[in-house]
Amino acid sequence: MSELSGRPGGRREVPGASAQEVDQQVDEQVDVAVIGAGPCGLAAAIAVGRAGLRAVVYDRACLVSGVHGYPTYMNFFSTAERISIGGVPFAVATEKPTRRDALAYYRTVARYFALDVRQYEAVESFAPLPPDAMVRVREGADRAGGLGTEVGRGGGDLGGGELSGTERGGAGVPRGADAGVGPPPTSNLPDYGGDLTITPPPRAPASRTPRFLVHSTTRTGQARITAAHAIVVATGYFGSPNRLNVPGEDLPHVSHRFGDGHESWDLPAVVVGGGNSAVDAALELYRAGARVTLVHFREAIDPNVKPWVMPDITGRIRDGTIAARFSSQVVAIDVDHVVVRTPAGDERVPADRVYLMLGYQPNAALLRAAGVPMDEVTGIPAHDPATMESVIPGVFIAGVLASGFDANKTFIENGRHHGDLIARRLAGGATV
Ligand SMILES: Cc1cc2nc3c(=O)[nH]c(=O)nc-3n(C[C@H](O)[C@H](O)[C@H](O)COP(=O)(O)OP(=O)(O)OC[C@H]3O[C@@H](n4cnc5c(N)ncnc54)[C@H](O)[C@@H]3O)c2cc1C
């Protein structure tokens, strides 16, 4: 049986451990558990990996699933270098990267740093380790669905903090860089005409005293427990779209996201909202041949719409090629129309497709359940912006989650730097 918290020839006590220690079996131990493989979670994993810490990144969906869910043909409003992470250049031939460029870039970065990403593994909860717990890696524990390595197999005694070869090589360690892992699994890697490991960050066996237990469920439904020294919650906001809360909202022709306009060719389509997502959807639907009506509760398009798009949408509305109902609200959705409450009274607007582009709520459930308070008005989790550490020592936040209900304050552009603050705190903080 592996004792990841053992000292040479014996046990390393978990702080506060009593004579009546309780065995806490885990599937593995890491230094940092990053929850969310969005751009900011990945940047955090790279940063803590560079600080010599072993990180694992969980995502309940695929890598950068938020970006994957963007409109198919979307261009970023940021230039490529402003959404690059880990110092890895992001070169594109055009002014702004496309969604597809970005997906390819983030895949490459994750591969380059050999980030230990557990796709389709949802974190259900995390909690402090009981003070009298002695952490042991379950005999024969297997990582299930990651890079194909195994943890603690064979019950080797890992006393003294020495981890087996299979345990080495967490986030920040180029894949295959550890001789203990066996031959580098290069067969499925592209040939970049050089050595992928030219800038190897430090190797990182888990080295810090575990303080938390992370409970996750793999794609195949397997429950897993991971011991971690620190948690980075980078769960973003894409999973929880704002709802209109009107009858008919869950009908099959109603969507809270927009993919591409083709599906609405030659059909009446209603777009609800007045921000960037609604405007982009309305314009693309119009170009794809849909008959578009934009419904917005304000009196005009939101002023923060991308400046280069504003003339396009206002021109289309002015010439009537896109219909608009301002100061109006959809109050009911039926199979072939919506009911719009306008200042002049209720109006029935034909709608074979309905797109509710109303923004998202932050995915803060895990933080809330862990006891991190949220500001009731802003939705911002209580944290120190200099370190991104929440009021629970060792629990950090990263990415758009930090801006609470206002997703327009934190983007990839600024959220990508949170990991550096976290790594600095973990590398030098007094309590860690
Ligand atoms: C159409 C569009 C265009 C945009 N363009 C730009 C741009 O040009 N520039 C820019 O800087 N920003 C842009 N943004 C904003 C940007 O996408 C977000 O700010 C960014 O994705 C936030 O990154 P993140 O890592 O914080 O979170 P996210 O990207 O939201 O990632 C969070 C991840 O956490 C995972 N997750 C959630 N809960 C759990 C759980 N319990 N267990 C495991 N995993 C979990 C999710 O599956 C998700 O993959 C745009 C957004 C949209 C919608």
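Criteria and thresholds
- Along each chain, the written sequence defines residue order, and numbers are assigned to residues from 1.
- Thresholds applied to this predicted model are a pLDDT of at least 70 for local features of residues and 80 or more for the giving and counting of side-chain atom pairs; totals over whole chains, interfaces and linings are not thresholded and use all residues.
- Water and hydrogen atoms play no part in the side-chain values, which are based on all heavy atoms of the structure.
- In short, DSSP must find at least two bridges between two strands for them to pair.
- Only DSSP runs of H or I covering at least 4 residues are called helices, and only runs of E covering at least 2 are called strands; the numbering of each starts at the N terminus.
- To obtain each axis, a line is fitted to C-alpha atoms, and for helices this fit is confined to the stretch in contact; angles are then taken between N-to-C directions over 0 to 180 degrees.
- Salt bridge, as used here: a side-chain nitrogen of Lys or Arg that lies within 4 Å of a carboxyl oxygen of Asp or Glu.
- To be near a molecule or strand, a residue needs just one of its heavy atoms within 4 Å of it.
- Pairs of N or O atoms within 3.5 Å make up the polar contacts considered here, provided that, within protein, one atom can donate a hydrogen while the other can accept it, and that residues adjacent in sequence are counted only when both atoms are side-chain atoms.
- Residue burial considers only the protein chains on display, and all accessible areas are found by Shrake-Rupley using a 1.4 Å probe.
- By the definition adopted for this analysis, an angle is roughly parallel if under 35 degrees, roughly antiparallel if over 145, roughly perpendicular if from 65 to 115, and oblique otherwise.
- By the definition used in this description, the sense in which the near helix is turned from the far one sets the handedness, with an anticlockwise turn below a right angle giving left-handed and a clockwise turn giving right-handed.
- The contact rule is simple, with two residues in contact once any of their heavy atoms fall within 4.5 Å.
- Under the scheme applied, nonpolar residues are Ala, Val, Leu, Ile, Met, Phe, Trp, Tyr, Cys and Pro; charged residues are Asp, Glu, Lys and Arg; polar residues are all the others, including Gly.
- pLDDT measures how confident the predictor is about each residue, on a scale from 0 to 100.
- When two rings of Phe, Tyr or Trp (its six-membered ring) have centres within 6.5 Å they constitute a pair, described as stacked for plane angles under 30 degrees, edge-to-face for angles over 60, and tilted for the intermediate range.
- Buried residues are those whose accessible area, probed at 1.4 Å on protein chains only, stays under 20% of the maximum for their type, while exposed residues exceed 50% and partly exposed ones sit between those limits.
- The criterion for a charge sitting over a ring is simple: Lys NZ or Arg CZ within 6 Å of the ring centre, and within 35 degrees of the ring normal.

Strand-to-strand pairing in sheets goes through backbone hydrogen bonds, with the strands running parallel or antiparallel. Ordered by their spatial adjacency, three strands build an open sheet running E14-E15-E16, and the pairing between neighbours is antiparallel. On the outer flanks of this sheet lie strand E14 (329-333) and strand E16 (345-350), each paired with one strand and no other. Across the sheet, the mean angle separating the axes of adjacent strands is 30° when strand polarity is ignored. Relative to strand E15 (residues 337-342), E14 is paired through four bridges, and the arrangement is antiparallel. Across the sheet, residue Ala332 finds its bridge partner in E15, namely Val339.

Here the idea is simple: oppositely charged side chains can pair when their charged atoms come close. By the definition in use, this model includes 23 salt bridges. A salt bridge links Arg291 to Asp266, with the shortest nitrogen-to-oxygen separation between them at 3.4 Å. On the criterion of sequence distance, the pair formed by Arg291 in strand E12 (residues 291-295) and Asp266 in the loop between strand E10 (254-255) and strand E11 (268-272) is long-range, its members being 25 residues apart.

Glancing now at the site of the ligand. Lining the immediate environment of the ligand, one finds 33 residues, of which Asp59, Ser65, Tyr70, Phe77 and Ser78 sit closest. A distance of 3.5 Å separates an oxygen atom of the ligand from a polar backbone atom of Pro39. Here an oxygen atom of the ligand sits 2.4 Å away from a polar atom, N or O, in the side chain of Tyr70. The protein chains hide 93% of the 990 Å² of surface that the ligand would expose on its own.

Two elements in contact, helix H4 (residues 276-287) and helix H5 (residues 310-319), have axes whose closest approach is 10 Å; the angle formed by their N-to-C orientations is 60°. On the basis of their axis angle, the class for H4 and H5 is oblique. Regarding H4 and H5, the two cross each other, and that crossing is left-handed. Contact with H4, carried on its side by Val279, Ala282, Leu283, Tyr286 and Arg287, involves Asp312, Ile313 and Arg316 of H5 and no other residues of that element. Grouping the constituent residues of the contact of H4 with H5 by class yields five nonpolar, no polar and three charged.

A separate point is the confidence of the model for the protein. A residue-level look at the protein finds 79% of positions with pLDDT of 70 or above and a mean pLDDT of 84. Within the model, pLDDT remains below 50 along residues 1-19, and this stretch shows 59 contacts once partners closer than five positions in the same chain are excluded. Segment residues 144-187 is flagged for pLDDT under 50; beyond a separation of four residues in sequence, or across chains, it makes 106 contacts in the model.

Aromatic rings considered in pairs are described by the distance between their centres and by the relative angle of their planes. Inspection of the entire model under this criterion finds 10 aromatic pairs. Relative to Tyr105, the ring of Phe90 has its centre 4.2 Å away and its plane inclined at 10°; by these criteria the two rings are stacked. Taken together, the positions of Phe90 in the loop between helix H2 (65-68) and helix H3 (99-112) and Tyr105 in helix H3 put the pair 15 residues apart, joining distant regions of the chain. Assigned by exposure class, Phe90 and Tyr105 land together as buried. Judged by centre distance (4.8 Å) and plane angle (85°), the rings of Tyr237 and Phe238 are edge-to-face. Residue class for Tyr237 comes out buried when judged on its relative accessible area of 16%. Residue classification places Phe238 among the partly exposed residues on the basis of a relative accessible area of 35%. Sitting over the face of the ring of Trp308, Lys96 holds its NZ or CZ atom 4.0 Å from the ring centroid.

Here we take up unusual backbone geometry. Residues other than glycine predominantly adopt negative phi, and peptide bonds predominantly adopt the trans conformation. Backbone geometry places Asn245, a non-glycine residue, at a positive phi of 60°. With phi around 65°, Met388 is a residue other than glycine that occupies positive phi space. Topologically, Met388 is positioned in the loop between strand E19 (383-384) and strand E20 (389-390). You can call Met388 buried: its relative accessible area is 3%.

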